[in-house]
Amino acid sequence: MKAVFPIAIALGAVAVTAAHYLAFVHVPMESSMGAVQRIFYFHVPSAWLFYIGCLLCGGASLGYLINRKARWDAFAQAAAETGLIFGLIVVVTGPLWARPVWGVWWNWEPRLTTMSLVLLMFGAYWVVRAFGGSGPGVRRFAAVLAVFAVPAIYFVRVAVNKWGGVHPPAGTGDRSDAIIKATMYNCFFILLFVFALLLIIRYRTHRDALTVRAIRRRLARLGGI
Amino acid sequence: MYRLRTLALLAALAAPAAFSAPALAQNDAPAAAATEGQATPAAEPEGKVIDTFEASAELEPMRYRHLWIAYSAIWFLVFFFMFRTWKTSQATAAQLDGLKRRLADLEGKGGTDGN
């Protein structure tokens, strides 16, 4: 069992290298934007994984609020952290595309504004968890914050269709070339593997840390520490 | 200390963007004709969005070298973070095993004393 994670991490690294090959060598240049469009093969799947991380965090937080089991809370924390890493990849790579295509690094149009709000909400969740201690009050507060932040993902998703703006719509577009779509989905599944791996490792770390704290308290009561 | 390292790692995640940005700004895609300091999007007029992507074999292929480098740096940082987390997880699991043994010893001793 100990060898599973190093092998999985190595597999993930190989898969990401394959994704690089697909995005930078295999797929032809896009006709309207050129090389910078290649950002999409990582930017868009990372955005989807950010949403998935937020949804998992919200779901697990709701589970924690209902049954108060610490493992739900540990999973919510791991999902928020993993989602935030992919959210950061989105906001770092987005401006790299926007500068040559839009002429500006950032534009306060609906998709970018709603995305930054959701990122800030889950950033706040992470700050509370990282610096607020591990008491039950902090856990409840963070769980409520996550549950209230989840519906905001809907607004990010529909922002382009509802309020316009200049951000390309979600996905690759119905009329996009098949090779572009296939590359996008292949990259998504590769990044999903990396996401799942990171989520599992973070969850195990938080879960074990919780058990360590509980055993230490018990040992202290028994006079073993 | 671990949290500070996490913060530093997240900050480092943003670094490749800063390094690759000037090169990307020189990208010669048709839309890159945007003028310096322009406040509105250059490729498409306000309200019109790109809703399709078409492949083309005609464009010059090697301008994305910096993109490749930036993404390699990002994934390197992600995998480094993952590896560090796994090592931390291993250390916590080992600590947990030790504590469980100690607890079992103490409870066993307590149980014997009590009987």
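Keep in mind that what you see is a predicted model, and the values were worked out from it rather than measured.

1. Observations concerning the overall build of chain A
Item 1. Helix and strand counts for chain A stand at seven helices and one strand.
Item 2. When the helices and strands of chain A are listed from N to C terminus, the series reads α-β-α-α-α-α-α-α.
Item 3. Projected onto its principal axes, the C-alpha positions of chain A cover 70 × 40 × 25 Å.
Item 4. Put simply, chain A has 225 residues, and 57% of those count as buried.
Item 5. In chain A, of all internal contacts separated by at least 6 residues, the share reaching a separation of at least 24 is 76%.
Item 6. Accessible surface computed for chain A: about 9200 Å², of which carbon and sulfur atoms make up 69%.
Item 7. One way to put it: in chain A the 22 positive side-chain charges average out to a point 16 Å from where the 7 negative ones average out.

2. What about the environment of Met184(A)?
Item 1. Within the secondary structure, Met184(A) sits in helix α7 (residues 178-222).
Item 2. Separated by 140 residues in the primary sequence, Met184(A) and Val44(A) have C-alpha atoms spaced 8.0 Å apart.

3. Examining the packing of helix α2 (residues 40-67) of chain A against α7(A)
If you want to describe how two helices pack, look at the angle between their axes and the distance between the axes.
Residue and element names in this part refer to chain A.
Item 1. Relative orientation of the contacting elements α2 and α7 amounts to 40°, with a least axis distance of 8 Å. Put simply, α2 runs oblique to α7. Taken as a pair, α2 and α7 cross one another with a handedness that is right-handed. Touching Phe-40, Tyr-41, Phe-42, Val-44, Pro-45, Ser-46, Trp-48, Leu-49, Ile-52, Gly-53 and Leu-56 of α2 are Ile-180, Thr-183, Met-184, Tyr-185, Cys-187, Phe-188, Leu-191, Leu-192, Phe-195 and Leu-199, all from α7.
Item 2. Of the residues that constitute the contact of α2 with α7, the class distribution is 18 nonpolar, three polar and no charged.

4. Brief notes about unusual backbone geometry
All names here are of chain A.
Item 1. With a phi angle near 55°, Arg-68 is a residue other than glycine that sits in the positive phi range.
Item 2. Considering the arrangement of structural elements, one finds Arg-68 in the loop between α2 and α3 (70-102).
Item 3. We classify Arg-68 as partly exposed; its relative accessible area is 44%.

5. Let's talk about the nonpolar core
Item 1. Judged by nonpolar contacts, the single largest core of 80 residues is most densely connected at Trp97(A), Phe122(A) and Trp75(B).
Item 2. At the level of secondary structure, the elements contributing two or more residues to this core comprise α1 (4-26), α2, α3, α4 (110-131), α5 (136-149), α6 (152-163) and α7 of chain A together with α2 (65-114) of chain B.
Item 3. Tallying contributions element by element places α3(A) first for this core, with 15 residues.
Item 4. Here Trp75(B) is in contact with Val16(A), His20(A), Phe42(A), Phe86(A), Ile89(A) and Leu191(A), once residues within four sequence places are set aside.
Item 5. With six residues, the next largest nonpolar core counts Val212(A), Ile215(A), Leu99(B) and Leu103(B) among its residues.

6. A word on α5(A)
Residue and element names in this part refer to chain A.
Item 1. Taking 1.5 Å per residue as the helical rise, α5 with its 14 residues ought to reach 20 Å, and the 20 Å between its terminal C-alpha atoms agrees with that figure.
Item 2. When we look at burial in α5, the residues that qualify are Arg-139, Ala-142, Ala-143, Ala-146 and Ala-149. Projected down its long axis, α5 shows its buried positions confined to an angular sector of 130°, all on one face. Exposed and facing more than 90 degrees away from the buried side of α5 are Pro-136, Phe-141 and Phe-148.
Item 3. Buried residues along α5 sit against α2, α3, α4, α6 and α7.

7. Some words on the pattern of salt bridges
Residue and element names in this part refer to chain A.
Item 1. For the structure on display, the rule yields four salt bridges over all chains.
Item 2. Where Arg-139 meets Asp-73, a salt bridge forms, and the shortest distance between an N and an O atom there is 3.6 Å. Of the two residues, Arg-139 sits in helix α5 while Asp-73 sits in helix α3, which places them 66 residues apart along the sequence. Per residue, the accessibility class of Arg-139 equals that of Asp-73, and both read buried.
Item 3. A single network of salt bridges, built from pairs that share partners, joins Asp-73, Arg-129 and Arg-139.

8. Some words on the side chain of Glu109(A)
Residue and element names in this part refer to chain A.
Item 1. Here Glu-109 is to be found in the loop between α3 and α4.
Item 2. Within the buried core, Glu-109 has no salt-bridge partner, and the shortest N-O distance to an opposite charge, that of Arg-111, equals 6.2 Å.
Item 3. Beyond its immediate sequence surroundings of up to four residues, Glu-109 is in contact with Gly-164, Gly-165, Val-166 and His-167.

9. What about a nonpolar patch on the surface?
Residue and element names in this part refer to chain A.
Item 1. Nonpolar side chains collect at one region of the surface, where Ile-7, Leu-11 and Phe-193 lie side by side and expose about 290 Å² of accessible area between them.
Item 2. On the secondary structure map, Ile-7 appears in helix α1.
Item 3. Exposure remark for Ile-7: the relative accessible area of 54% places this residue in the exposed category.

10. Examining the side chain of Arg139(A)
Item 1. Residue Arg139(A) is classed as buried on the basis of its relative accessible area, which comes to 14%.
Item 2. Setting aside residues no more than four positions away along its own chain, Arg139(A) makes contact with Tyr64(A), Ala70(A), Asp73(A), Arg129(A), Ser134(A) and Leu210(A).

What counts, and at which threshold
- Residues numbered from 1 in each chain as written.
- Chains lettered and ligands numbered in written order.
- Predicted model: local features only at pLDDT ≥ 70, side-chain atom pairs only at ≥ 80, totals over all residues.
- Heavy atoms only, no water.
- Helix = DSSP H or I, 4+ residues; strand = E, 2+ residues; numbered from the N terminus.
- Buried < 20%, exposed > 50% of the residue type's maximum accessible area, 1.4 Å probe, protein only.
- Contact = heavy atoms within 4.5 Å.
- Areas by Shrake-Rupley, 256 points an atom, 1.4 Å probe, with all protein chains shown as cover.
- Lys, Arg positive; Asp, Glu negative; His and termini not counted.
- Charge placed at Lys NZ, Arg CZ, Asp CG, Glu CD.
- Axes fitted to C-alpha atoms, helices over the stretch in contact; angles between N-to-C directions.
- Parallel < 35°, antiparallel > 145°, perpendicular 65-115°, else oblique.
- Left-handed = near helix turned anticlockwise from the far one by under 90°.
- Nonpolar A, V, L, I, M, F, W, Y, C, P; charged D, E, K, R; others polar.
- Core = buried A, V, L, I, M, F, W, Y, C linked by side-chain atoms within 4.5 Å.
- Expected span 1.5 Å × (residues − 1).
- Arc of directions from axis to C-beta.
- Salt bridge = Lys/Arg side-chain N within 4 Å of Asp/Glu carboxyl O.
- Patch = residues over 30% accessible without salt bridge, like charges linked within 9 Å, V, L, I, M, F, W, Y side chains within 5 Å.

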